[in-house]
Amino acid sequence: MAHADAINASLEQWENWVLRRHKKIPNNKRLFVLTCMDERVPIEQVLGLQPGDAHIFRNAGGLVTDDVIRSAALTIHGFGTREIIVVTHTECGMLGATGEQVTQSIEQATGVKLSEIALDPGLPEFRLPPESVSRWWKTITDVDEATVQQVEYLRRHPLIPADVSISGYVYEVETGRLRRPGQILASMVSKAFYK
Ligand SMILES: [Zn+2]
């Protein structure tokens, strides 16, 4: 084999990487991941992902928002994605306060009324009525329930086809492991022991 063949093969591989979206090549695992922005969640390591494997969306909480739906719809319908994995985590900052408290604190700090400003600067006509503003923060009270709920939100959304696989897990910051929602092993072991 001429050496140029090896160079050409390598160039083709590189072109396919750079021109992936242009050539309609999906990410390696055809996967969209939704997770929290929290620095204690090493998401690639947790899911065993290499560069090129997945589209990864991180926000406060790893919770379904309009931009999650926007990104999921684009990756599924435009870029060949067939699976969604949601990863929330214990000790999440979204567990600490109610939406009302967050609204009050941020309105106080900034001196603006959230119902009176553009929440999305690129879509200034998108406004929330005062009574909905606190729900916009999407604070949660139970991370396991919230995980099930995010999967349900995605499952029932009309922009996400029924044959897209959707799973949800909780990453335990304290153990460095994933669990299925509600499957808290430590509490299950002690309950069984004292029964
Ligand atoms: Zn978090």
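Notes on the structure in this doc start here. Since this is a predicted model, take the numbers as computed values, not measurements.

**Considering the overall build of the protein chain**
A count of helices and strands for the protein chain gives seven helices and five strands. The principal-axis extents of the C-alpha atoms in the protein chain amount to approximately 70 × 55 × 35 Å. For the protein chain, the residues scored as buried account for 23% of the 195 residues in total. Contacts spanning at least 24 positions in sequence make up 69% of the contacts within the protein chain whose residues lie at least 6 apart.

**Some points on the sheet that holds strand 5 (residues 177-179)**
Pairing within the open sheet is mixed, and its five strands lie in the order 2-1-3-4-5. Each having just a single partner strand, strand 2 (54-59) and strand 5 make up the two edges of the open sheet. The sheet shows a mean angle of 25° between the axes of neighbouring strands, direction not considered. As defined by bridge partners, strand 3 (residues 83-89) adjoins strand 4 (residues 165-172) across seven bridges and the pair is classed as parallel. Residue pairing across strands places histidine 89 opposite tyrosine 171, the latter belonging to strand 4.

**With respect to unusual backbone geometry**
With phi around 60°, glutamate 91 is a residue other than glycine that occupies positive phi space. Positionally, glutamate 91 belongs in the loop between strand 3 and helix 4 (99-110). Unlike most non-glycine residues, lysine 138 shows phi in positive territory, near 60°. Tracing the backbone shows lysine 138 in the loop between helix 5 (133-136) and helix 6 (143-156). According to the C-beta neighbour criterion, lysine 138 is partly exposed, with 17 such atoms within 10 Å.

Definitions and cut-offs
Residues numbered from 1 in each chain as written. Predicted model: local features only at pLDDT ≥ 70, side-chain atom pairs only at ≥ 80, totals over all residues. Helix = DSSP H or I, 4+ residues; strand = E, 2+ residues; numbered from the N terminus. Buried ≥ 20, exposed ≤ 12 C-beta atoms within 10 Å, placed from the backbone. Contact = placed C-beta atoms within 7 Å. Pairing = 2+ DSSP bridges. Axes fitted to C-alpha atoms, helices over the stretch in contact; angles between N-to-C directions.

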